[in-house]
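# Notes for the structure review
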Amino acid sequence: RALVYVANSLQSNSVLTDLDISRPNRLDKNDEETTIHLAKSFRNNKSLRRLSMAKHRMREHGTMWIMDYINTWNKTLTHLDLTSNEIPADGAKHIAKTLSSRDCKLEWLNLQANRLTNEGAIALAGALSKNTSLKYLNLSYCSIADAGLIALCKAIGGNTMLKALQLSGNKFGPNARKAWRGLLGWPVAGTGSAAAEGKSASPAASAMHFLDVSEIDFVPLIAPI
């Protein structure tokens, strides 16, 4: 009832800039109606800049509605937190479509603890190769393995806007470890030191402020932003 009240209030609110409706209680595990109702109610608000909807049990359909709101009705949103939902690969594709848009204003995106898998990560990697707004991205604990992690590595190599990336808690195999170490100019097992081979970090990696990939013992380059 509380979320329905919030949704109804939003229909007449056109000035709200920050909204945190994370951790709602007693959501039916098979029902995305609340997410869809909220997405529809956002349409009258053209000024929302920060939105947090963690733990909404959001899946593909709910993600589609939230992204439709951002794509069609809102041109001001810069911060989006969708932590600990149930967003699958198909949901990640809706997010990728938003990130690929030249009108995208998102600067901060948290997708930690979702079900993106390799397929979703590859879709997001394609979007990152086009996106020019995103500065922070959290994909920790998203069930991503080598194929997705390597795709992200390649995309990051050509993206100089992203300043902070978190990928801990995913399934780094030897190929993904090699790709990420190569991106940063780090030594790769069996090849000697990167310096000895004349390798250096890519411009994109050099521009980063924070990189968290604890599975291969990365250390933050500076401090989180």
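Since this is a predicted model, take the numbers as computed values, not measurements.

Counting its secondary structure elements, the chain contains eight helices and seven strands. Looking at the chain as a whole, 48% of its 225 residues are labelled buried. Relative to all contacts within the chain whose residues are 6 or more apart in sequence, the contacts with residues 24 or more apart total 81%. Element-wise, carbon and sulfur atoms account for 51% of the exposed surface of the chain, whose accessible area totals about 10,800 Å².

With that settled, consider the pattern of salt bridges. Throughout the structure, instances matching the rule amount to five salt bridges. The residue Lys 93 makes a salt bridge to Glu 119 at a minimum N-O spacing of 2.5 Å. Linking Lys 93 in helix H4 (residues 89-100) with Glu 119 in helix H5 (residues 117-128), this pair joins segments that are 26 residues apart in sequence.

So, on to the side chain of Asn 110. Tracing the backbone shows Asn 110 in strand E4 (residues 108-110). Among the residues examined, Asn 110 registers a relative accessible area of 8% and is labelled buried. A polar contact is formed between the side chain of Asn 110 and the side chain of Thr 83, at a distance of 3.3 Å. If we skip the residues at most four places from it in the chain, Asn 110 touches Leu 80, Asp 81, Leu 82, Thr 83, Tyr 136 and Asn 138.

The end-to-end C-alpha separation of H4 is 16 Å, in line with the 16 Å expected for 12 residues at 1.5 Å each. Within H4 the residues assigned to the buried category are Ala 89, Gly 91, Ala 92, Ile 95, Ala 96, Thr 98 and Leu 99. All buried residues of H4 fall inside an arc of 160° around its axis, so they share one side.

This part is about the environment of Asn 175. Relative to the helices and strands, Asn 175 resides in helix H7 (residues 174-183). As for Asn 175 and Ala 145, which are separated by 30 residues in sequence, their C-alpha atoms are 9.9 Å apart. Contacts of Asn 175, omitting those with residues within four sequence positions, involve Asp 146 and Ile 150.

About the cut-offs
- Residues numbered from 1 in each chain as written.
- Predicted model: local features only at pLDDT ≥ 70, side-chain atom pairs only at ≥ 80, totals over all residues.
- Heavy atoms only, no water.
- Helix = DSSP H or I, 4+ residues; strand = E, 2+ residues; numbered from the N terminus.
- Buried < 20%, exposed > 50% of the residue type's maximum accessible area, 1.4 Å probe, protein only.
- Contact = heavy atoms within 4.5 Å.
- Areas by Shrake-Rupley, 256 points an atom, 1.4 Å probe, with all protein chains shown as cover.
- Salt bridge = Lys/Arg side-chain N within 4 Å of Asp/Glu carboxyl O.
- Polar contact = N/O pair within 3.5 Å; in protein donor to acceptor, adjacent residues only side chain to side chain.
- Expected span 1.5 Å × (residues − 1).
- Arc of directions from axis to C-beta.

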